[in-house]
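Results of the structural survey
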Amino acid sequence: MDTLRIAVQKSGRLSESSLELIKECGIDFNNGTGKLKSEATNFPAEMLFLRDDDIPGYVADGVADVGIIGENVMLEKAQNVELIEKLGFSKCRLSLAIPRGQEYNGLQDLQGKDIATSYPKILGKFLADNHVQARIHEISGSVEIAPSIGLAQAICDIVSSGSTLMSNGLKEVEVVFRSEAVMIGTPNLSESKKNILQKLLFRIHALQSAKKNKYILLNAPNDSLETIINILPGMKSPTVLPLAMEGWSSVHSVIHEDYFWDIIENLKAAGAEGILVVPIQKMIK
Ligand code: ATP
Ligand code: ZN
């Protein structure tokens, strides 16, 4: 049987969530410290632990079949890889920032400036798309100190909370790109590896749906049942069971997190009582 080689970041901001995703898919492997690879014990897969920046290259070359990286790294490395799935974690943005005291009226203010970044490709395209000519200085780390040491008048770097910018006297002025963790794949996957990948994706989709939905149980007086059932979307239609108490029923359903609070309010207003909301671990549609 073939083995799907899955590359994940060895140590960094993506590592923990990537491994958690694989584990939640029910795939077990020994994750000894310092190991470069590890074979799964209950699934035809092998984990490769690599530097995130190297993963697109390895996937493009077929050394790894799939990999989990930030979409920002996928775009910057511009390798021949396919985007298989957005994974919804490690969300961050690649933004332009300038010294806090400086006035900013729009992108034209960056015309002719020096901008330090670790993302010259993404930034270069953004500037070109917006008809801004600026000099890009590629540096590999500590980009946020570039203005204070006189290397550049602006930076383009990853931001999540903005606290690093703040402590370096910078302010965010433009979002260049919004990123999240993605699964990428090699373009020429064999049929047998494609089958393994399909199994993995089936599990990932079940997890993603589960995270977006909640299981809800409530008690309803029978004379409001119809109203309450109409409020609940559910996968098909809600389950309704009689309660031991005369004139009451228990209603079970699944609701999406986006409409969650609205639905709860409407249910209460319609007479629902004892509302319980529980997380769903896996959801197979
Ligand atoms: P190195 O390669 O030296 O380990 P790196 O900056 O490439 O450093 P990390 O800092 O671990 O690696 O970030 C990995 C990815 O996690 C980034 O490419 C980005 O997609 C995402 N990321 C970075 N910073 C944040 C953040 N503050 N919050 C959420 N996601 C982030
Ligand atoms: Zn990196």
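All values reported here derive from a predicted model rather than from experimental measurement.

Here we take up the coordination of the zinc ion (ligand 2). For a metal with four tetrahedral donors the ideal donor-metal-donor angle is 109.5 degrees, while six octahedral donors give ideal angles of 90 or 180 degrees. Around the zinc ion (ligand 2), the protein contributes the donor atoms Asp52 (OD) and Asp53 (OD), at 2.0 Å from the metal centre. Around the zinc ion (ligand 2) sit four donor atoms, and with donor-metal-donor angles ranging over 71 to 149° the site reads as irregular.

Once that is clear, we can look at the nonpolar core. In this structure, Leu96, Leu110, Val176 and Ile184 are the most contacted members of the largest nonpolar core, which totals 30 residues. Breaking this core down by element, the ones donating at least two residues are strand 3 (45-50), helix 2 (55-61), helix 3 (71-77), strand 6 (92-99), helix 4 (120-129), strand 9 (154-159), strand 10 (170-179) and strand 11 (181-185). It is helix 4 that provides the largest number of residues to this core, a total of four residues. Taken domain by domain, this core gets at least three of its residues from each of domain 1 (4-89 + 181-210) and domain 2 (92-179).

Okay, the sheet that holds strand 12 (residues 213-221) next. If you trace the four strands from one edge of the open sheet to the other, you get 13-14-12-15, paired in antiparallel fashion. Where the open sheet ends on each side, the last strands, each with one partner, are strand 13 (239-242) and strand 15 (273-279). For this sheet, the mean inter-axis angle between neighbouring strands, taken without regard to orientation, is 20°. As judged from the nine bridges shared by strand 12 and strand 14 (residues 248-256), these two strands associate in the antiparallel manner. Bridged to Asn219 within strand 14 is Ser250. Against the sheet, helix 6 (residues 191-212) contacts strand 12 and strand 14, and its axis sits at roughly 45° relative to strand 12. Here helix 8 (residues 260-269) sits on the sheet in contact with strand 12, strand 14 and strand 15, set at roughly 160° to strand 15.

Each assigned domain of the protein chain is listed with its residue range as follows: domain 1 (4-89 + 181-210), domain 2 (92-179) and domain 3 (213-279). For domain 2 versus domain 3, the distance between C-alpha centres works out to 49 Å.

To continue, consider the layout of surface pockets. Approximately 1,000 Å³ is the volume found for the largest pocket. Lining the largest pocket are 36 residues, and of these Arg13, Asn72, Tyr119, Asp157 and Ile158 sit closest to its centre. Every element with two or more residues in the lining of the largest pocket is listed here: helix 3, strand 9 and helix 5 (163-167). Considering only residue class, the lining of the largest pocket consists of 11 nonpolar, 15 polar and 10 charged. Mapping the lining of the largest pocket onto the domain boundaries places at least three of its residues in each of domain 1 (4-89 + 181-210) and domain 2 (92-179). The computed volume of the second largest pocket comes to approximately 270 Å³. Around the second largest pocket, the lining residues are Ser17, Glu20, Leu21, Glu24, Lys86, Leu87, Gly88, Phe89, Leu207, Gln208, Lys211 and Lys212. Among the elements of the structure, helix 1 (15-24) and helix 6 are those that each provide at least two residues to the lining of the second largest pocket. Here the residues of the lining of the second largest pocket sort into four nonpolar, three polar and five charged.

Near ligand 1 there are 15 residues, and of these Arg13, Arg51, Asp53, Asn72 and Ser160 occur at the shortest range. Asp53 is positioned such that a nitrogen or oxygen atom in its side chain is 2.9 Å from an oxygen atom of ligand 1. Measuring from a nitrogen atom of ligand 1, one finds a side-chain N or O atom of Ser160 at 2.8 Å. Taken atom by atom, the bulk of ligand 1 overlaps the largest pocket.

Thresholds applied
Residues numbered from 1 in each chain as written. Chains lettered and ligands numbered in written order. Predicted model: local features only at pLDDT ≥ 70, side-chain atom pairs only at ≥ 80, totals over all residues. Heavy atoms only, no water. Donors = N, O, S within 2.8 Å, 3.2 Å for Na, K, Ca; no water. Tetrahedral: all angles 85-135°; square planar, octahedral: opposite > 155°, others 65-115°. Core = buried A, V, L, I, M, F, W, Y, C linked by side-chain atoms within 4.5 Å. Buried < 20%, exposed > 50% of the residue type's maximum accessible area, 1.4 Å probe, protein only. Helix = DSSP H or I, 4+ residues; strand = E, 2+ residues; numbered from the N terminus. Domains from an automatic or database assignment. Pairing = 2+ DSSP bridges. Axes fitted to C-alpha atoms, helices over the stretch in contact; angles between N-to-C directions. Contact = heavy atoms within 4.5 Å. 1 Å grid on protein atoms, 1.4 Å probe; cavity = no way out; pocket = protein on both sides within 12 Å on 5 of 7 lines; lining within 4 Å. Points joined across faces, edges and corners; volume = space filled by probe spheres on them. Nonpolar A, V, L, I, M, F, W, Y, C, P; charged D, E, K, R; others polar. Near = heavy atom within 4 Å. Polar contact = N/O pair within 3.5 Å; in protein donor to acceptor, adjacent residues only side chain to side chain. Sits in = over half its atoms within 2 Å of the grid points.

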